[in-house]
Structures are given as structure tokens and as C-alpha cells.
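As a plain string of letters, each chain reads:
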Amino acid sequence: IHAQEEAPGMTKMCLFYPSPSGHARSDPILNQSCASDHVHTFYGPQNFHPNTSYEQIRDTSPQYSTSPVVENQSLYWHPSIYEVVIANGQKTYSRVSDLESSPYYRWNTSTSPETVAFPPGFRMIAFCKSNKIVSFRLNLQQ
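Residues numbered from 1 in each chain as written. Predicted model: local features only at pLDDT ≥ 70, side-chain atom pairs only at ≥ 80, totals over all residues. Heavy atoms only, no water.

(A) Geometry of the overall build of the chain. For the chain, the count of helices and strands is 1 helix and 10 strands. The secondary structure elements of the chain, listed N-terminal to C-terminal, are β-β-β-β-α-β-β-β-β-β-β. Put simply, the chain has 142 residues, and 28% of those count as buried. Taking the intrachain contacts of the chain between residues at least 6 apart in sequence as the baseline, contacts between residues at least 24 apart amount to 46%. When the accessible surface of the chain is totalled, it reaches about 9900 Å², and 53% of it is carbon and sulfur. (Helix = DSSP H or I, 4+ residues; strand = E, 2+ residues; numbered from the N terminus. Buried < 20%, exposed > 50% of the residue type's maximum accessible area, 1.4 Å probe, protein only. Contact = heavy atoms within 4.5 Å. Areas by Shrake-Rupley, 256 points an atom, 1.4 Å probe, with all protein chains shown as cover.)

Here it is as C-alpha cells:
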């Protein structure tokens, strides 16, 4: 974990995961009933079945999580990355496993309203369509 104040009142924190909690064809935000069309790499609780609930993730025992912070049982994931090797006309796909992944948080402690935790059931997808545009998709399940 790396946290520091970068300017008066502005704090940032990175959580560095030593290893993923697993890999699966699961995307609990997009589809809660069946497999995803591609593999994801997960960090945090090892409970990443498509229909896993917020409460199940939150209540995960730290012994079943790769989170470096006991109090943070958030589940993070990204599409798994594969290296493609072509030898003698045959393609071989190998999952890249030596990735360093870390969620990055930044908040201003000197402004009002104050920064607060994400609400229960908070879900977000972030992606980049170009080098200049970042889009977010939020899904607050009640």
C-alpha cells in the first residue's frame, strides 16, 4: 500500500496486489447468470462467480482474499492478457501472469462535501476509447 499527500488536502493511495485471486470467464457487472465471452483476472476475494452478491464479497474472510488490506474486500478485475506465439504456423496463447495491478484512489480532504466510501452495491466500468476520452459506466444495485 502506498499513500501520500501530493498537495495540501490532496491524498492518493495505491493498493498493490501481490497476486491475482483467480482467472475466470466471469463478469459480475455485465452478466450475473452465465459465463463471460472472455477471461478476466480478479484481485481481492476469491468469490467471483457471476451471481456473487455484494454482501458475499463484503463478508469474505481475509484468508480467502488477495487484498493487501483486511478492511478492503472490494473485487477488482480486468480482461486477462495473453501473449500469442506463432511457431511452425501454430498459434499458442499463454496468459501473462507477471502483471502488477493496483487500484488507484485520489481524494481531496480539504473540500466539502468530504470524500466518503462507495455506497453498498456500487459497480463501475472504466474504459478508454482513445488516448483522450475516458468513459465510466456506473451501476448502483440496491
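Structure shown, so let's carry the discussion forward.
(B) Representation of the side chain of Ser 36 within the structure. Tracing the chain through its elements places Ser 36 in the loop between strand E3 (22–24) and strand E4 (40–43). Residues in contact with Ser 36, not counting those within four places in the same chain, are Arg 25, Ser 26 and Asp 27.

(C) View of the sheet that holds E3. Taken in spatial order, the 3 strands make up an open sheet running E3-E4-E5, and their pairing is antiparallel. Two strands bound the open sheet, and with one partner strand each, they are E3 and strand E5 (76–79). Strand-to-strand twist of the sheet, defined as the mean angle between neighbouring strand axes without regard to direction, takes the value 25°. Pairing geometry for E4 and E5, over 4 bridges, is antiparallel. Across the sheet, the residue bridging to Tyr 43 is Tyr 76, located in E5. (Pairing = 2+ DSSP bridges. Axes fitted to C-alpha atoms, helices over the stretch in contact; angles between N-to-C directions.)

(D) Molecular detail of the pattern of salt bridges. Per the stated rule, a full pass over the model turns up 1 salt bridge. Asp 59 is the salt-bridge partner of Arg 58, the closest N and O atoms lying 3.0 Å from each other. (Salt bridge = Lys/Arg side-chain N within 4 Å of Asp/Glu carboxyl O.)

(E) Region of the structure containing the packing of aromatic side chains. This structure, assessed with the given rule, holds 4 aromatic pairs. Ring centres 4.3 Å apart and planes at 5° place the aromatic pair Phe 42 and Phe 48 in the stacked group. Each of the two residues, Phe 42 as well as Phe 48, counts as buried. An aromatic cluster of at least three residues, connected via ring pairs, comprises Tyr 17, Tyr 43 and Tyr 76. (Phe/Tyr/Trp six-rings, centres within 6.5 Å; stacked < 30°, edge-to-face > 60°.)

(F) Up close: a nonpolar patch on the surface. A surface patch of nonpolar side chains, about 420 Å² in accessible area, is lined by Tyr 82, Val 84, Ile 86 and Tyr 93. Take Tyr 82: its relative accessible area is 35%, and that puts it in the partly exposed class. (Patch = residues over 30% accessible without salt bridge, like charges linked within 9 Å, V, L, I, M, F, W, Y side chains within 5 Å.)

(G) Representation of the pairing of strand E7 (residues 90–95) within the structure. As paired elements, strand E6 (residues 82–87) and E7 share 6 bridges and run antiparallel to each other. Bridge pairing in E7 links Val 84 to Tyr 93. Between the antiparallel neighbours E6 and E7 lie 2 residues, among them Asn 88 with a positive phi of about 55°.

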